[in-house]
2 protein chains.
Amino acid sequence: MREVAIVGVGMTKFGTSKKTQVEMFAEAAMDAINESNLKLKDIQAVYVGNADGNVEEGQSVIASMCAADIGLQGLPVIRFEGACASSTIAIIDAFVWVASGLYDIVLAGGTERQRIMSTSLATRVMGFGVHSRYETPTGLSFPGIFAMMAHLYAKKYEIPLPQLKETMARVSFKAHKHGCINPKAQFFGKEVTMQMIYDSPMIASPLQVYDCCPISDGAAAVVVASADIAKKLTKKPILIVGVGQGSSGSVCSQKDITRISARELSAKRAYNMAGLAPEDIDVCELHDCFTIAEIVATEGLGFFDPGQGYKAVLRGDTDIGGEIPINPSGGIKSKGHPVGATGAAQVYEIVKQLRGECESRQVEGAKIGMTDTMGGSFASIAHLILKRGW
Amino acid sequence: MREVAIVGVGMTKFGTSKKTQVEMFAEAAMDAINESNLKLKDIQAVYVGNADGNVEEGQSVIASMCAADIGLQGLPVIRFEGACASSTIAIIDAFVWVASGLYDIVLAGGTERQRIMSTSLATRVMGFGVHSRYETPTGLSFPGIFAMMAHLYAKKYEIPLPQLKETMARVSFKAHKHGCINPKAQFFGKEVTMQMIYDSPMIASPLQVYDCCPISDGAAAVVVASADIAKKLTKKPILIVGVGQGSSGSVCSQKDITRISARELSAKRAYNMAGLAPEDIDVCELHDCFTIAEIVATEGLGFFDPGQGYKAVLRGDTDIGGEIPINPSGGIKSKGHPVGATGAAQVYEIVKQLRGECESRQVEGAKIGMTDTMGGSFASIAHLILKRGW
């Protein structure tokens, strides 16, 4: 096992795209490759995260099409699917292939085009992430599951619902404040006030529109290389120092969805590999598909004790400048959530943060960052811990 | 990089199943685990190949559901998709994680349930394997592509079409002869005569029904372990000595579909890793989705020179007892083709062959075997070379 680094990152603007998934991937990939100061021929494999491109565009074996589209026909390719965690898994796998010494340089990322679907089809496709035999027939969709999470969280920690709703609104407000100044975000340039959040339509009580992430198109990619090569290519290599994965199976088999065991297992694996603890993390991009999901994730990652995450939001601990800035990119809530691309876009943000390239949303002095991506309803969770390599 | 072995294999009978994909995977996985003489808790990750389970059963993140279904909730899981090559890629990835030292024991396999689809939906879903922007709109389906391959092969090597058709019929006859005596095969117990083959309906000229593989349900799984552990678990470990992958992108970008460059690249990578050559292979399970595909594959793998593969069939070189026995399991043609499970089922057969457990379809003295799996129309191709470890 040798040290592995990220030498280049790229992503499309998230939102609505007229490009195909393959074309979006190409855009992100070419940006990542150009940033890496290497030639196409140096790349030895192409790993692509994609959740449901077969339904969305009638395209399977998408990794092959992605490789060919940028002139890398012939290379080993793999498509990874772990629902919303697909491209995090692709990057983790690239890490292992390079760490093992089998490859020196791998292109990894993800792509998804969901806005071509009708709302009803999108709802159905998102629903593929729960257990098809035991859960799909109940009609429970993601907003319903996370609404249950909010109610259970409020009940467990004896938080009056209006107070939890205010906390969730603040999570949304923060996400939009950051996304508003992130040119890659779906809601870039769109100012969102607390009043707009409170006034938005109810989706699944207590979750309103501004508690829910949007449907998005987009792609993101990174170039992963051995640390030795990375140091020749860039002055700012970002080391992958920890990776972790965990799984849950069905929602109905969970003991307590306010504490997601798959996340706790996965994060522990990543911390152990890195030899780091939650307090070592300077900045984190985590899976805020719903506002309550962010609060629960900050606890699952060990930044706050169980039941304390909502207080941290109210204190401003998760703002830029706070104790542990969460989702400076705007997160899934405001940056957008093209599911197959989400994990790679989180890595994009952390790499930019660690390099100090985030301008007005920069977390000053960030040296160690973490990504947290959750596929399905907790079914597949993956983590990366990244560290400045210079 | 350390040595890696397969310590247990399992597969369902291929054909029509009333079980879900997750349940079929569980059946195959438990057989593989039981054969491995280890406990469930020894398994560190679950890797699942699956092509289109979201369309077939509304199930994404299937690897998570598969792990939970056999009591392995919590473990790192990955779903791999490379169309028909999905589970070969899952096994290759398991190999890398174990070779790297990150894991000691990984369960890998694949599952697919296609017979619940209507013929029209199945045709559409299979069609996801070509380029969705440039090829799908032409209406070209797999039988059409392989029919073109047959015509181009006949023209290139100046073979009268009736002679090529006789050769293809012999490939089909051989497949059914083997499948007839393989209890796991979809066409087990079904005797097929040359006359039945000649009399079968035309699908896409010159391909008749018996030139085409069936639509199938099934699952297969293997347990991959470090060689050191393998030697403690079993007296007959099967070493993974070479792996390879290659990609093609779209069909329309191929120079010559009678010589598939992705296969030649991938096989070369596997041979190089193993330090072996085509003449070292004693038995091979290869991707005979259509009879012409088998002929072309035997050339692409280097068993015969380009244009010589059809002669080898007529000479009986690819029969059991011949120079290089091909598809003693009955192959995709007769064993069946639940796409996500196909690669793992090929590995199942080769492991059984190398262990000498194939009874009336045994290739005597086989010490080195190879699998060849082709996803989409050549889009993603993967190879494994296996060797007796004792």
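Remember, it's a predicted structure, so these values are computed and weren't measured experimentally.

**What about the relation of the copies chain B and chain A?**
In step 1: When chain B is fitted onto chain A, the two copies agree to an RMSD of 0.0 Å after a turn of 180° and an axial shift of 0.0 Å. Such a combination of turn and shift is consistent with a two-fold rotation axis.

**A short note on the interface of chain B and chain A**
In step 1: Between chain B and chain A, the residue contacts involve 55 residues of the former and 55 residues of the latter.
In step 2: If you list the elements that add at least two residues to the side of chain B that touches chain A, you get α2 (53-57), α3 (62-69), β3 (77-81), α4 (86-99), β8 (238-247) and α10 (261-274) of chain B.
In step 3: Residue composition of the side of chain B that touches chain A, grouped by class: 23 nonpolar, 26 polar and six charged.
In step 4: Here strand β3 (residues 77-81) of chain A pairs with β3 of chain B via three bridges, running antiparallel. Paired with F80 of chain A across the two strands is F80 of chain B, which belongs to β3 of chain B.

**Focus on the nonpolar core**
In step 1: The biggest cluster of nonpolar side chains holds 273 residues, and the ones touching the most others in it are V46, V222 and V224 of chain A together with V46, V222 and V224 of chain B.
In step 2: Each of domain 1 (4-118 + 216-239) and domain 2 (140-213 + 244-388) of chain B contributes no fewer than three residues to this core.
In step 3: The residues contacting V224 of chain A, other than those within four sequence positions of it, are V4, I6, I91, A94, F95, V98, V106 and A108 of chain A.

**Quick notes on unusual backbone geometry**
In step 1: The omega torsion of the bond from S205 of chain A to P206 of chain A falls at 10°, within 30 degrees of zero and hence cis.
In step 2: Looking at the secondary structure, you find P206 of chain A in the loop between β5 (202-204) and β6 (207-208).
In step 3: Within the chain, V61 of chain A stands out as a residue other than glycine whose phi angle is a positive 35°.
In step 4: Examined against the element boundaries, V61 of chain A turns out to sit in the loop between α2 (53-57) and α3 (62-69).
In step 5: Overall, the presence of 32 C-beta atoms within 10 Å leaves V61 of chain A in the buried class.
In step 6: Although it is not a glycine, F378 of chain B sits at a positive phi angle of roughly 75°.
In step 7: Within the secondary structure, F378 of chain B is located in the loop between β10 (368-375) and β11 (380-388).

**Some thoughts on the confidence of the model for chain A**
In step 1: Of all residues in chain A, 100% attain a pLDDT of 70 or more, and the chain-wide mean is 97.
In step 2: This complex was scored by the predictor with a pTM of 0.98 and an ipTM of 0.98.

**Concerning the pairing of strand β8 (residues 238-247) of chain A**
Residue and element names in this part refer to chain A.
In step 1: For β8, the buried fraction is high: nine of the 10 residues fall into the buried class.
In step 2: Both strand β1 (residues 4-11) and β8 contribute to a ladder of two bridges, which runs antiparallel. Each bridged residue has a counterpart across the sheet, and for I6 the counterpart in β8 is I238.
In step 3: In this sheet, strand β11 (residues 380-388) lies alongside β8 in antiparallel orientation, the contact comprising nine bridges. Each bridged residue has a counterpart across the sheet, and for G246 the counterpart in β11 is I381.

**Regarding the pairing of strand β4 (residues 105-113) of chain B**
All names here are of chain B.
In step 1: Of all nine residues making up β4, nine are buried, and the element is well covered by its neighbours.
In step 2: Side chains of β4 alternate between two faces, with I105, L107, G109, T111 and R113 and V106, A108, G110 and E112 buried alike.
In step 3: In terms of strand pairing, strand β2 (residues 45-49) meets β4 through five bridges, oriented parallel. Within β4, the position partnered with V46 by the bridge is L107.
In step 4: Strand direction decides the pairing type here: β4 and strand β7 (residues 217-226), joined by nine bridges, are antiparallel. Residue pairing across strands places L107 opposite V223, the latter belonging to β7.

What counts and what doesn't
Residues numbered from 1 in each chain as written. Chains lettered and ligands numbered in written order. Predicted model: local features only at pLDDT ≥ 70, side-chain atom pairs only at ≥ 80, totals over all residues. Least-squares fit on C-alpha atoms with pLDDT ≥ 70 in both. Contact = placed C-beta atoms within 7 Å. Helix = DSSP H or I, 4+ residues; strand = E, 2+ residues; numbered from the N terminus. Nonpolar A, V, L, I, M, F, W, Y, C, P; charged D, E, K, R; others polar. Pairing = 2+ DSSP bridges. Core = buried A, V, L, I, M, F, W, Y, C linked by C-beta atoms within 7 Å. Buried ≥ 20, exposed ≤ 12 C-beta atoms within 10 Å, placed from the backbone. Domains from an automatic or database assignment. pLDDT = per-residue confidence, 0-100.

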